[in-house]
Amino acid sequence: MVLRTPSVLLLVFLASILARPLQADDPLHQQIDQIIETASLGAVAEVATDGEFLRRVYLDLTGSIPPSDVARAFLDDAAPDKRAKIVDRLLTSPQYIRHMTNVFDVMLMERRAEKNVKNDEWRKYLYDSVAANKPWNELAKEVLGADGTDEKIRFATAFYFARNGEPNLLTRDVGRMFFGMDLQCAQCHDHPLIDSYYQSDYYGIFAFLSRGTLFTDKDKKVFYAEKAEGDVSFTSAFTEEQDKTFPRLPGSFEIDEPFLLKGEDYTVAPADKVRPVPKYSRRAKLAELVGQGMNRQFNRNIANRLWAHMMGRGLVEPVDLHHADNPASHPELLELLADRFATMNYDVKAFVRELALSKTYQRSLDIPSSLPELAAKHEPQLEAWKAKAATLAEAVSKAEETVLKLGEKIGAADDDADPVYDELTKSNAAVGEVRKKSDAAAKALTDAKNQLVAKQAIATPLSEASTNANKAAELLPGEKELIALAQKLKARADKIAAEVAAANKAVTDKTPAANTSAAALAAAKSAAEGIKKRFDAARAKVRELETQFAPATSVYQVAKIEKMLVDSQVATAELAISYTKLTATQAPVETELTKQTAELSGARKTMQAVEAVLAKMKTDLLAAKKAAESMTAAHAAVAKQYATRQEIATLTSQATASAAIAASKLPTDTELKTTLTSLTKRDAQLKAEVAELQKLVVQKEQEAKVAVERMTVAQSTTDAKAKELAAAQATVAPLEKTHTELNAKATAGRTELSQLSEKLTSRWETRFFTNRLDHLSPEEMAWSMMRATDFLQAQIAAGKAEADKTLPIDPKKPDDPARLAEREKHVEAYVYEKVKGNLAAFVKLFGHAAGQPQADFFATVDQALYFSNGGTVLSWLNPSGNNLTARLNKLEDPKAIAEEMYISVLTRRPSDQEANDVVGYFGSRKDDKVGALKEMAWALVTSAEFRFSH
Amino acid sequence: MKKCTYACGTEEHVISRRQFLGDVAASAGVVGGLGVLAGPASAAKLAKDQKRVIVVNMAGGLSQLESWDPKPQTDTGGPFRAISTSVPGMHICELLPETAKQMHHLAIVRSINTKENDHGKGGYAMFTGRRQTPAADYPRIGAVVAKALTPETSPLPGHIVISNGGSGGRSNDSAYLGPKYASISLGNGKPPQNTDLPKSITEASDQQRQAFRRKANDRFTLRRRTAFTDAYAANYEQGLELMKRREIFDLAKEPQADHDRYGKHDFGRHCLLARRLLENGITFVQVTHSNYDTHNENFNFHLEQLGEFDGPFARLVADLADRGMMESTLIVVMSEFGRTPRINNRYGRDHWGTAWSVCLGGGRLQRGAIIGKTNANGTAVADREVDHGHMFHTFMQAVGVDSTGSFDIEGRLMPVADPSSTPIGELLA
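Reading guide: rules and limits
Going along each chain's sequence as written, the residues are numbered from 1 onward. As they are written, the chains are lettered A onward and the ligands numbered 1 onward, keeping that order. In keeping with the model being predicted, local features are shown solely for residues with a pLDDT of at least 70 and side-chain atom pairs are shown and tallied solely at 80 or more, while totals for entire chains, interfaces and linings include all residues. Our contact criterion uses C-beta atoms placed from the backbone: two residues qualify when those atoms are within 7 Å. Comment: elements are numbered from the N terminus, with helices defined as DSSP H or I runs of at least four residues and strands as E runs of at least two. The residue classification treats Ala, Val, Leu, Ile, Met, Phe, Trp, Tyr, Cys and Pro as nonpolar and Asp, Glu, Lys and Arg as charged. All others, Gly included, are polar. In plain words, the nonpolar core is the set of buried Ala, Val, Leu, Ile, Met, Phe, Trp, Tyr and Cys residues that C-beta atoms within 7 Å link up. Residues with at least 20 other C-beta atoms within 10 Å of their own are called buried, those with 12 or fewer are called exposed, and the rest are partly exposed. The C-beta atoms themselves are positioned from the backbone. Just so you know, the domain bounds were taken from an automatic or database domain assignment. Note on pairing: DSSP must find at least two bridges between two strands before they are called paired. Each residue carries a pLDDT value, the predictor's own confidence for that position, ranging from 0 to 100. Expected helix span is given by 1.5 Å per residue-to-residue step, counting one fewer step than there are residues.

Outline the interface of chain B and chain A, listing residues and values.
Listed as interface residues are 66 residues of chain B and, on the opposing side, 80 residues of chain A. If you list the elements that add at least two residues to the side of chain B that touches chain A, you get helix 6 (203–223), helix 7 (227–244) and strand 17 (412–415) of chain B. With eleven residues, the top contributor of residues to the side of chain B that touches chain A is helix 6 of chain B. Partitioning the side of chain B that touches chain A into residue classes produces 29 nonpolar, 23 polar and 14 charged.

How would you sum up the nonpolar core? Please name residues and give values.
Of all hydrophobic cores here, the largest spans 277 residues; its most connected members are Met936(A), Ala937(A), Leu940(A), Ala274(B), Val285(B) and Val332(B). Per-element tally for this core: the top contributor is helix 18 (residues 480–665) of chain A, with eleven residues. Excluding anything up to four places from it in sequence, Ala274(B) contacts Ile54(B), Ile162(B), Val285(B), Val287(B) and Leu316(B).

Account for the domain arrangement of chain B, with residues named and values stated.
All names here are of chain B. The domain boundaries assigned to chain B delineate domain 1 (51–191 + 256–427) and domain 2 (193–249). Across the boundary between the two partners, domain 1 contributes nine residues, which contact nine residues of domain 2. Considering only residue class, the side of domain 1 that touches domain 2 consists of five nonpolar, three polar and one charged.

Summarise the pairing of strand 17 of chain B; cite the residues concerned and give the values.
For strand 16 (residues 406–409) of chain B and strand 17 of chain B, the ladder comprises four bridges, and the chain directions are antiparallel. Considered in strand 17 of chain B, the bridge of Ser406(B) is made with Pro415(B).

Summarise the confidence of the model for chain B; cite the residues concerned and give the values.
Residue and element names in this part refer to chain B. Mean pLDDT over chain B stands at 87; residues scoring 70 or higher make up 88%. Predicted confidence is poor over residues 1–47, with pLDDT under 50, and the contacts of this stretch with residues over four places away or in other chains come to 106 contacts. Confidence metrics for the complex model read pTM 0.83 and ipTM 0.82.

Go over helix 14 (residues 331–343) of chain A with me, naming the residues and quoting the values.
Residues spaced three or four apart along an α-helix point in a common direction, a consequence of the helix completing one turn every 3.6 residues. Residues and elements named next belong to chain A. Here helix 14 spans 18 Å end to end across 13 residues, near enough to the 18 Å set by a 1.5 Å rise per residue. Of all 13 residues that make up helix 14, eleven are buried, and the element is covered over most of its length. For helix 14, the set of buried residues is Pro 331, Glu 332, Leu 333, Leu 334, Glu 335, Leu 336, Leu 337, Ala 338, Asp 339, Phe 341 and Ala 342.

Rendered as structure tokens:
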């Protein structure tokens, strides 16, 4: 299965669906856009504004928002190719290296604690790899192949070390990170929630890794070590079925392995305190296979992960859950990306560049306005599409059946090979046993032979010495000492001769055993070789069937993809149609509601006006009533007073008249006269008083009459108004009722519309028809906050000062690009070292736990409290040097402040409203400009836009 | 060596990706299984009905023979007597006289066999409901409870572990459920971190900056609004709310009489704090009593330790019952394992996962029940053997969480409890 060239079937299929057939040499970004636009039926979002694009591309390629001066310059740049230019510039920046180092670090290590290799060392390995733009397959090969012995890539061993070399943990993470498949639960049984992850998938990877362990040498240095033996079999926790497997990559077949006879399978045999080195390493094989890039799932995984990095979301999401029941949103695109990334020789930078240049990457956050056109255009096709989908479903199940049948056949052939393999294993174990015996016998023989040679080496000179000494003794018979010596020598020579004879006999005795056991070993070997041949034959049958598998799956996959595309188009169109329809039915309801609301409010106003007048009238009436009452009472009081006075006056008058008569009859009675005078005076007074009172009574009577009349009039106008109000109320009531009904209808419609709109947004963003809101990672957030507040500014200045010393610019060559690049890299590294602690603090708060997937968004109260009340971020907002608040504080014009603040923090200019808000804020904080600056800047760095918009 | 088969992948079969807010609506965030939890309820109702859990961790391994499963007059029984309890026929060790009076609120499971005799592995099994394996990590019970039961809108941390060193910081025990459900460690009266406005910021200034932030958010969310933007924005409001309510972490606010009743020692204070937290709507509280790892002098240690445990624990049970909280609160007293029936030559008992007990009560659990039994001298389970998996399922069911359902973690379905195990049905009322 050579998968590095795009599947021919796939290309034919893509050609058939796209408006303009894909040309193999079209730039990838154009191919991406064609596929997405075809799938979206044309309803893609507008191109993002310059600010939105710049923020996004800065974050995705360098891990931070842009500096304000860069942002300002970019916004004001009129060059048409400025976007492509900035992409290329960022790809060559040291920040790109740092950011991608972080991306790969988090992806592969998930913030695990360091073990044996320091995290900084591992990161340096990644940093150097990214800086060299090491192809992904090579990086993967190094990471999976490193065992610590090659110093050049020793730090790459961190992947194994941080997981303690534990085969189960490694299996899970190799599955997730390099193949996009989380097989965790398939460890004990076929995945309980996902039907097509099988235990055999898990154990296929496990078999590559199960022979490995960590090894510590006498200098306490840790290595990865491996044994030459150990086969993998497994039992389901649910069904207790047993099975076994050779190493196998996901979606691929068990590999054929070299057969090594026991005793010939190690380069360095295992022994105490010795790191064993097998002749054939399964783990090296894994690294090699991965490095070849032949595995489609390996290619899909990395293409999808890099896509997710740039686009905010994988085509398959979660990125480690590639699975038949969790297909890519655009499977045809995933296949294309996987193929193209492989043909680009796994060049991460070039691939990421293509993604950044696509229109798909550059879409705005907004939902497109062209939905009605789309709906109208595609509604007539719906039925035909559905019919097509039904036909395709049949094709899919047919193709699936073929694949399944073939799978069963392969399984059966595999099962046939199983017992032969068991035999082979047994016979190889026998080879090991026989070899032990044979080795022992051979060693015994060799020992005996060595013994013989050694004895012979002594015997020969001794025998000569004895012969010569005895000859000499014969010649000098008187020399007693010589004779004794000769006799001694003879005795010794005889003894050694006997020993030689014994040794000789031992050699003779041991030879047959050695020969027999050597023959036994040869026989055992040949038996094993014989079984190996049978096994090879059985495997060949499996292999033969396997070759048919790739074309069959290819047909199946293309059929499936085609069906999914039609299904997806139906779903997209249906959503657009129902959204458009609902919008259409909702519109007149809203219009009518507006109209009725106006009518109702008119009627209500009229009614309220009458009510107001009536209320006034009622008040007036009440006043008039009170006035009438008091006037009438006043009249009555005066009348009563008048009556009393008149009575007195009458009596006084009568008394005066009588007194006058009496006085005329007693003219001398002075007393009487005086009394009369007095009476007369009083009488006149009283009369005058009565006359006054009478006037007053008339006046009061008149007044009371007027007041009563007024009251009567007021009463009648009030009554009339009350009637008018009743009439107005009668008009309002039915209006009110219909309005309430209509309002309920409109509200229900709006709810439905908003739900539908949510669905639509979700579909549009998960399919990349519009840009997805993506949250900043902990590091991105830290860098961006330090950038927005310009806390970095002081660090950068210090880094530059250091570079001036260590990497000064040659005045003769001030523009030397190599030197400038070197300086840039130096300054970046300097700043990184300085702010490491801040990055760590953000990771602690915003990162997931070690060993957990790191991509998901989560919000905890302690994060908000850290920003609101914690010292770190608040201190960055204190004016200092030329940081954000210091810079803003130097500006006078509030509008200029608003502009600089929004560009620095949100990479865009403020709207008029926003600028006015800033002006207003200063208005309310005249006493404390710096306080106001800090507060507003704080509010913007903690806003949802800062966290999500890119 | 079987090949995998390939399932058909139509759109309909796509794993249903529930939205973030969907979890809020279901209030439990559990999907599938048999009894999906009830829908949204009003805040007041939630406050009253919200289920809670308190776990008392008898660290080191409480002896079942000196507590819930005494075997007096046997070769393994040790010196202590069994006493009767408020439940007719139920006897527990004489070291727990106060608790004995509260047993009508509680139940005992006497037939636990986890087959784990290692502190770490035993604790892992009991607190996660799964056996520890190298390739996987599972959330602790507090994280599971917090995720399943804490209303999404609550400003309060759902998972609190009371300990002496409690810094108010977040720990790392929620595995795939995410840091939101990791425990906050509390002790010594310190509230969660950063719940105080710094001196440099006045109330007025705080209000102004928060208002400006809200306005910025409102503008942005008009353009695009998601569950995440909502959650992020809401988080600041929850922070402000928590600042207002930081007193609930302040034990000094409890009446002096209660301080006297619970005692001045750590365990007493921690029980009282637990009561205060549960009453104020914290979903999960863990209190630890240490240390029961009595390889030496088992009997003296238990005499002393349980003497400290008995009173405060009994009062906590009685108080929760008095306040009508038993229906909504699960109480669990457990360890990583029990202790050997065999008494070693240092008068100690050793690690023993083979036949031991857990005391639990409240929620849906039957009061006064005894589940399972050990043989005459406690050396083996004689009836109804259960393990950590059954216990974990039962804990969840006791507070209405469907233990056969799964959490949807951003598209990954994660079973609430071990799918190959089941709850103890007969213990659930």
